[in-house]
Amino acid sequence: MRIGLYPGTFDPITLGHIDIIQRAMALVDRLVIGVAINRDKGPLFSLEERVAMVEAECAAIQAKTGGEIVVHPFENLLIDCARDVGAGIIVRGLRAVADFEYEFQMVGMNRALDASIETVFMMADARRQAIASKLVKEIARLGGDVSKFVTPPVQTALRARLKT
């Protein structure tokens, strides 16, 4: 069984994340969505809320693809999380050159820690390249329309959290 791990903070999950998840399902039998705790980023949503949002958004994808999607919170090293869930592939989405530079360094470190786990980069769909959770939160915070970047349930959660 091919198991992939797609890690991130998903604060909140965006249409860009969903695009990568849908496409990654073609590569693996089981996709583990690793929701990083990462207290340093000061997430808008709690871990439980982020996990629930990811699970809700992935239910339709799982039904459509017939593959298995598991949501797995983690706070340890990414490579250790990959080992914990039995992943042979780490899936990473790329939006721009700046993403590549950071991810290139991460791959080198991860390969040094465990050369048996491969990293697969997926370029964001051209319509989704500008989407970043940080920017979505900022737009929502300032009362802007985020409907082009997130699903309606996530937009509702943002409005409720930010009282916009």
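Scroll up to find the structure.
Let me sum up the structure you'll find in this document. (Residues numbered from 1 in each chain as written. Predicted model: local features only at pLDDT ≥ 70, side-chain atom pairs only at ≥ 80, totals over all residues. Heavy atoms only, no water.)

### Re the packing of aromatic side chains
Remark: the centre distance and the inter-plane angle together describe each pair of aromatic rings, the angle taken between the planes.
Then, number 1: Considering all chains together, one arrives at 3 aromatic pairs under this definition.
Then, number 2: Plain terms: the ring middles of Tyr6 and Phe10 are 5.4 Å apart, the flat faces sit at 80° to each other, and that makes the pair edge-to-face. Exposure class is identical for Tyr6 and Phe10. Each is buried.
Then, number 3: Each member of the aromatic cluster is reached from another via a ring pair, and the members are Phe100, Phe104 and Phe121. (Phe/Tyr/Trp six-rings, centres within 6.5 Å; stacked < 30°, edge-to-face > 60°. Buried < 20%, exposed > 50% of the residue type's maximum accessible area, 1.4 Å probe, protein only.)

### Overview of the nonpolar core
Then, number 1: Ranked by size, the top nonpolar core spans 32 residues in total, and within it Tyr6, Ile13, Ile21, Leu31, Ile33, Val54 and Leu158 carry the most contacts.
Then, number 2: At the level of elements, helix 1 (15–24), strand 2 (30–36), helix 2 (47–65), strand 3 (68–74), helix 5 (133–141) and helix 6 (152–162) are the ones that each hand at least two residues to this core.
Then, number 3: Excluding residues within four positions of it along the chain, Val54 makes contact with Phe10, Ile13, Ile33, Val35 and Val71.
Then, number 4: Counting residues in each nonpolar core, the second largest holds 13 residues, with Leu78, Ile79, Ala87 and Ile117 among its members. (Core = buried A, V, L, I, M, F, W, Y, C linked by side-chain atoms within 4.5 Å. Helix = DSSP H or I, 4+ residues; strand = E, 2+ residues; numbered from the N terminus. Contact = heavy atoms within 4.5 Å.)

### Looking at the layout of surface pockets
Then, number 1: In this model, the largest pocket occupies a volume close to 1100 Å³.
Then, number 2: In terms of lining, the largest pocket is formed by 38 residues, of which the most central are Pro7, Gly8, Thr9, Lys41 and Arg92.
Then, number 3: Sorting the residues of the lining of the largest pocket by element identifies strand 1 (3–8), helix 1, strand 4 (89–94), helix 4 (97–113) and helix 5 as the ones contributing at least two each.
Then, number 4: With 7 residues, the single largest contributor to the lining of the largest pocket is helix 4. (1 Å grid on protein atoms, 1.4 Å probe; cavity = no way out; pocket = protein on both sides within 12 Å on 5 of 7 lines; lining within 4 Å. Points joined across faces, edges and corners; volume = space filled by probe spheres on them.)

### As for the pattern of salt bridges
Then, number 1: If you walk through the whole model with that rule in mind, you get 11 salt bridges.
Then, number 2: With a closest N to O distance of 2.4 Å, Arg161 and Glu49 form a salt bridge. One end of the pair, Arg161, is in helix 6; the other, Glu49, is in helix 2, with 112 residues separating them in the sequence.
Then, number 3: Assessed through its relative accessible area of 33%, Arg161 is described here as partly exposed.
Then, number 4: A residue is classified by how much of its surface remains accessible, and Glu49, at 28% relative accessible area, is partly exposed.
Then, number 5: The salt bridge partner of Arg83 is Asp114, with a shortest N-O separation of 3.0 Å. Here Arg83 is found in helix 3 (residues 78–85), whereas its partner Asp114 is found in the loop between helix 4 and strand 5 (118–123), with 31 residues between them in sequence.
Then, number 6: Note on Arg83: relative accessible area 42%, which makes it partly exposed.
Then, number 7: What emerges from the salt-bridge pattern is a single network uniting Asp80, Arg83 and Asp114. (Salt bridge = Lys/Arg side-chain N within 4 Å of Asp/Glu carboxyl O.)

### Here we look at the pairing of strand 4
Then, number 1: Relative to strand 4, strand 1 is paired through 2 bridges, and the arrangement is parallel. Bridging from a neighbouring strand, Gly4 pairs with Ile89 of strand 4.
Then, number 2: Here 6 bridges tie strand 4 to strand 5, and the two strands are oriented parallel to one another. For Val91, the partnering residue across the bridge sits in strand 5 and is Val120.
Then, number 3: For the crossover from strand 4 across helix 4 to strand 5, the handedness is right-handed. (Pairing = 2+ DSSP bridges. Right-handed = clockwise from strand over helix to strand, strands pointing away.)

Worth remembering: the numbers are spatial, not functional.
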